[in-house]
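Inside the fold
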Amino acid sequence: MSVPLAYIGVIMIWSTTPLAILWSGEGAGFIFGLASRMSIGAILALLTAAVFGYRLKRNRPALQAYMTAGLGIYGSMLPVYWAAQYIPSGWVSLLFGMTPLFTSLMALRHLEGETLTARKLTGMLLGVAGLAAIFATAIEINSHAAAGICAVLLSVVIHSASAVGIKRINADIPSIVLTSGGLAIAAPLLLVTWLLAGPSLPAEIPAKTAGAIIYLAIFGSVLGFALYYHVLKHVQATRVALITLITPVMALMLGHILNDEPLNGKIVTGAFMILAGLLLFESKRRPGK
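Residues numbered from 1 in each chain as written. Predicted model: local features only at pLDDT ≥ 70, side-chain atom pairs only at ≥ 80, totals over all residues. Heavy atoms only, no water.

Each helix and strand in the protein was counted, giving twelve helices and zero strands. Secondary structure of the protein in N-to-C order comes out as α-α-α-α-α-α-α-α-α-α-α-α. By residue count, 50% of the 289 residues in the protein fall in the buried class. A separation of at least 24 residues holds for 93% of the contacts in the protein among residues at least 6 apart in sequence. Carbon together with sulfur atoms contributes 69% to the accessible area of the protein, which is approximately 13200 Å² in total. (Helix = DSSP H or I, 4+ residues; strand = E, 2+ residues; numbered from the N terminus. Buried < 20%, exposed > 50% of the residue type's maximum accessible area, 1.4 Å probe, protein only. Contact = heavy atoms within 4.5 Å. Areas by Shrake-Rupley, 256 points an atom, 1.4 Å probe, with all protein chains shown as cover.)

Next up, the structure:
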């Protein structure tokens, strides 16, 4: 698979998932929406791997990679789904724009060949400044918004740690196999969480909610994670993290058009700052960087 096309695919999918996450919890509860998404996704991923003739490897690096991916999915998705109840979907994507900073700091310590030059740092800081400019427009927020922001930031840290961990393990397995193994671990954990939270099957699932769950299971889980792990296998962890500086712009537009979320001049200015930071980060790169 072409790495650039996979990179673009991840951007497109991750741009739509925040709004889909919001819709998937409406009328059914956020834990039900998440657990059902990952359960369907795990089944589809395992079937897809089988169709293409892949089996789950059971050597030590593979098992470590499955565990790292699965715990990363579980630990990062649960806070995001909870937070989506209280903050606009575009904010979720914006907060994930902090991923390059956390990933770079972790990669410096745990990965060889990862460097944080002045140019890269300036690009990241410019992107973060763009995020701050956008958040400056949020004058009135509900009482749970601050907790929602903290929950998404926790998700960012877990997601970054999982990416660096997978990169460090460097298991020689196809991306669909890693996706299958990760979802096979995350789905049971989420089902147990749903049971412990006091499960209640919704009497009726709205069509929009059901559609969002199915979309997230197919594209957000199976295809999205497979493309992400494929990119992660061939690209530096810090550059993979830059996806989260692109997706906020598209997520904000989708939230505004499809869910009436705010979009004003300050938000547009912040979006341009994010893109400028991305261009600075990517400019004048040396071979292998």
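This is not the end of the story, as more comes after the structure.
Looking now at helix α8 (residues 175-196). Over its 22 residues, α8 runs 31 Å from end to end, which matches the ideal 32 Å to within 8%, given 1.5 Å per residue. Among the residues trailing α8, Gly198 stands out with phi positive, at a value near 90 degrees. (Expected span 1.5 Å × (residues − 1).)

Together, Leu5, Ile8, Met12 and Met250 make up a nonpolar patch on the protein surface, roughly 380 Å² of accessible area in all. If you tally residues by element for the nonpolar patch, the top one is helix α1 (residues 3-24), at three residues. As for its placement among the helices and strands, Met250 is situated in helix α11 (residues 243-259). (Patch = residues over 30% accessible without salt bridge, like charges linked within 9 Å, V, L, I, M, F, W, Y side chains within 5 Å. Salt bridge = Lys/Arg side-chain N within 4 Å of Asp/Glu carboxyl O.)

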